[in-house]
Amino acid sequence: MSVDMSKHFSTSALLRFTLPTIAMMIFTSCYTIVDGFFVSNYAGKTALAAVNLILPPVMMLASFGMMIGTGGSALVAKTLGEGNRGRARRHFSLLVIFAFALGSVLAVGGWFFMEPTAGLLGATGQMAKDATLYGRMMMISMPFFILQYAFQSFFVTAGKPKYGFLVIVVAGVTNILLDFLFVGLFGWGLVGAALATNIGELIGGGIPLVYFARKRSTHLYFVRPHLRWPVIGKACANGSSEMVTNIAMSLVGILYNWQLLRFIGEDGVAAYGVIMYTAMVFAAVFMGYSIGSSPLMSFQYGAGNHTEMRSLLWKSLGMIAIASVVMFLLGQELAGPLSAIFVSYDADLLELTTKAYRLYALCFLFMGFAIYASAFFTALNNGLVSATISFLRTLVFQVAAVIVLPMIFGIDGIWLSVTVGDALTCLVAATFMIALSGRYGYRKRGLSPKAQAKLEAKA
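Analysis parameters
Residues numbered from 1 in each chain as written. Predicted model: local features only at pLDDT ≥ 70, side-chain atom pairs only at ≥ 80, totals over all residues. Heavy atoms only, no water. Helix = DSSP H or I, 4+ residues; strand = E, 2+ residues; numbered from the N terminus. Rg over C-alpha atoms; globule rule 2.2 N^0.38 Å. Contact = heavy atoms within 4.5 Å. Areas by Shrake-Rupley, 256 points an atom, 1.4 Å probe, with all protein chains shown as cover. Lys, Arg positive; Asp, Glu negative; His and termini not counted. Charge placed at Lys NZ, Arg CZ, Asp CG, Glu CD. Salt bridge = Lys/Arg side-chain N within 4 Å of Asp/Glu carboxyl O. Buried < 20%, exposed > 50% of the residue type's maximum accessible area, 1.4 Å probe, protein only. Expected span 1.5 Å × (residues − 1). Patch = residues over 30% accessible without salt bridge, like charges linked within 9 Å, V, L, I, M, F, W, Y side chains within 5 Å. 1 Å grid on protein atoms, 1.4 Å probe; cavity = no way out; pocket = protein on both sides within 12 Å on 5 of 7 lines; lining within 4 Å. Points joined across faces, edges and corners; volume = space filled by probe spheres on them. Nonpolar A, V, L, I, M, F, W, Y, C, P; charged D, E, K, R; others polar. Axes fitted to C-alpha atoms, helices over the stretch in contact; angles between N-to-C directions. Parallel < 35°, antiparallel > 145°, perpendicular 65-115°, else oblique. Left-handed = near helix turned anticlockwise from the far one by under 90°. Polar contact = N/O pair within 3.5 Å; in protein donor to acceptor, adjacent residues only side chain to side chain. Phe/Tyr/Trp six-rings, centres within 6.5 Å; stacked < 30°, edge-to-face > 60°. Core = buried A, V, L, I, M, F, W, Y, C linked by side-chain atoms within 4.5 Å.

**A few points about the overall build of the protein**
In step 1: Each helix and strand counted, the protein has 17 helices and 0 strands in total.
In step 2: For the protein, whose C-alpha radius of gyration is 22 Å, the value lies close to the compact-globule estimate of 23 Å for 459 residues.
In step 3: With respect to the principal axes defined by its C-alpha atoms, the protein has extents near 70 × 50 × 35 Å.
In step 4: Residue pairs at least 24 apart in sequence account for 83% of intrachain contacts in the protein once pairs closer than 6 positions are excluded.
In step 5: With the model as given, the accessible surface of the protein reaches about 18100 Å², and the carbon-plus-sulfur share is 69%.
In step 6: The distance from the centre of the 31 positive side-chain charges to the centre of the 18 negative ones in the protein is 22 Å.

Here it is in structure tokens:
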């Protein structure tokens, strides 16, 4: 049975509603984490560095699925809130078809450009060969990887977050077992790790296709769509902030690797990869909550229920604040054990990674607010503000920090760059939210409905 998104959500109910999506994002992040573990321990640090180097470009392509999913879900949820389920289903069906078609085009292009991309990123010799091989194999399942990202949001909009979680669990467990089989037992190295991920992504993107092809007890399922480019354009524009965030994070990752190659060499890239693998789980909690709660905000926005919108906002900020402190403390305590999982075979690399992790973990105090702020404005179908926040966070603040801070603090400056970028983003996001609260503040002053309507029109 679908969850009724029109009801009032208490803090506990909101947490229960978003928990499957949080778990879903964590399992999604397990794909690369498991690959990294097996590659590092069975293929060595050169192969690990190669995967870390080529992964950002791969994730840049996959981010188009996040764009279609988040932007499309906001549009579909708003349409549902307006009471037009037939149109919502047509929009949903059209966007899924578009996601698969776009993924296929990107996969073909990515295959041919993977080798020059590896060279452009600074890979040479065996590292360049490994990076090209792994990247090209990732293109095999790219259309389904993009669908998987899109369906993570659409399952929530359909009121079926638990189904989305179960799909990701099946895909994630399959990936883990196949990594153990292909890499650990068969010794297939990078090829085995990539093949395990391919199969996991086929499951993650394929099962939802079967599910939504059948009419069930949900308001969303596949129907014959109408080709409406404005709908695709609106969804892409609205979800562009999430795509910008993921692309920019990948670009920042590329810049990180470039700086680390300059300052430390291959060990620096390997250490950064270990931090990214484990920090990905922390970020997945914030991302999962933001994706899980956004359809509720979009629905209430479409219904014009600003009281419930304010309630959702304040509850969300409170839970994110608590989670941020907990994750920071966990990051400090678990820096050593988490690093040892990947690089215990190299004492110097383990020491470097542990120290870097504790510095990097400061960003957990700000990351959740920065991620939620962008998703909040996407939920309000305000792609411009959402994209502005994402653009400033990554392509301005973090890029500037990773270039400037090493000049002042050396290597430590690289590890602190994300913290500085996210802290500045929080200041910008707070400014936008304060302006938004002022826009709707007249509702608390007891104005007549007619006066409220006039002010609304002026706003």
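**Concerning the pattern of salt bridges**
In step 1: Summed over the entire model, instances satisfying the criterion amount to 4 salt bridges.
In step 2: Note that Glu82 is salt-bridged to Lys78, the shortest N-O span being 2.7 Å.
In step 3: On the basis of relative accessibility, which here comes to 23%, the residue Lys78 falls in the partly exposed class.

**What to know about helix H6 (residues 161–185)**
In step 1: Its 25 residues give H6 an end-to-end C-alpha distance of 35 Å, which sits within 8% of 36 Å, the value for a rise of 1.5 Å per residue.
In step 2: Taken as a whole, H6 has its buried residues at Pro161, Gly164, Val167, Ile168, Ala171, Gly172, Thr174, Asn175, Leu178, Asp179, Phe182 and Val183.

**A word on a nonpolar patch on the surface**
In step 1: On the surface, a nonpolar cluster with roughly 560 Å² of combined accessible area is contributed by Leu133, Phe180, Leu185, Phe186, Trp188 and Val191.
In step 2: With respect to the helices and strands, Phe186 occurs in the loop between H6 and helix H7 (189–212).

**Remarks on the layout of surface pockets**
In step 1: In this structure, the second largest pocket occupies an estimated 250 Å³ of space.
In step 2: Lining of the second largest pocket is provided by Ile33, Thr278, Val281, Phe282, Val285, Ala323, Val326, Met327, Leu330, Leu338, Ile341 and Phe342.
In step 3: Of all the elements in the fold, those that place two or more residues in the lining of the second largest pocket are helix H10 (266–303) and helix H11 (306–343).
In step 4: Residues that form the lining of the second largest pocket fall into these classes: 11 nonpolar, 1 polar and no charged.

**Digging into the environment of Glu115**
In step 1: Residue position: Glu115 is located in helix H3 (residues 85–120).
In step 2: Residues Glu115 and Leu19, 96 residues apart in the sequence, show an inter-C-alpha distance of 40 Å.
In step 3: Setting aside chain neighbours within four positions, we find Glu115 in contact with Thr132 and Arg136.

**Re the packing of H10 against helix H12 (residues 347–360)**
In step 1: Close contact between H10 and H12 brings their axes to 9 Å; oriented N to C, the two are set at 45 degrees. What the angle tells us is that H10 and H12 run oblique. The handedness of the crossing between H10 and H12 is right-handed. For the pair H10 and H12, contact is made by Asp267, Gly268, Ala270, Ala271, Val274, Ile275, Met276, Thr278, Ala279 and Phe282 and by Leu349, Leu352, Thr353, Ala356, Tyr357 and Tyr360, respectively.
In step 2: When the residues that make up the contact of H10 with H12 are grouped by side-chain class, the tally is 12 nonpolar, 3 polar and 1 charged.

**Section: empty space enclosed by the protein**
In step 1: Applying the stated rule across the entire model yields 5 cavities of 30 Å³ or more.
In step 2: Taken as a whole, the largest cavity spans an internal volume of roughly 800 Å³.
In step 3: Along the walls of the largest cavity sit 34 residues, with Met59, Asn246, Met249, Met276 and Met280 positioned nearest its centre.
In step 4: Breaking the lining of the largest cavity down by element, the ones donating at least two residues are helix H1 (11–43), helix H2 (45–81), helix H5 (142–157), helix H9 (240–263), H10, helix H13 (364–379) and helix H14 (383–409).
In step 5: The element contributing the most residues to the lining of the largest cavity is H10, with 9 residues.

**Quick notes on the side chain of Ser298**
In step 1: Counting through the fold element by element, Ser298 comes out in helix H10.
In step 2: Of note is the side chain of Ser298, whose polar atom sits 2.7 Å from the backbone oxygen of Ala379.
In step 3: Those residues in contact with Ser298, other than ones at most four positions away along the chain, are Ala74, Ala77, Lys78 and Ala379.

**Considerations on the packing of aromatic side chains**
In step 1: Under the definition given, this model contains 23 aromatic pairs.
In step 2: Here the aromatic rings of Phe9 and Phe17 are separated by 5.5 Å at their centres, their planes lie at 70 degrees, and the arrangement is edge-to-face. Neither residue differs from the other here; Phe9 and Phe17 are each classed as buried.
In step 3: On the numbers, 6.2 Å between centres and 55 degrees between planes, the contact of Phe212 with Phe222 is tilted. Remark: Phe222 occurs in the loop between H7 and helix H8 (229–238) and Phe212 occurs in helix H7; sequence separation between them is 10 residues.

**Brief notes about the nonpolar core**
In step 1: Membership of the largest hydrophobic core comes to 136 residues, with the highest contact counts inside it found for Met142, Met297, Phe364, Tyr372 and Phe376.
In step 2: In this structure, Phe364 is in contact with Ala279, Phe282, Phe286, Ser324, Met327, Phe328 and Gly331, ignoring residues within four places of it in sequence.

All we've got here are geometric facts, nothing functional implied.
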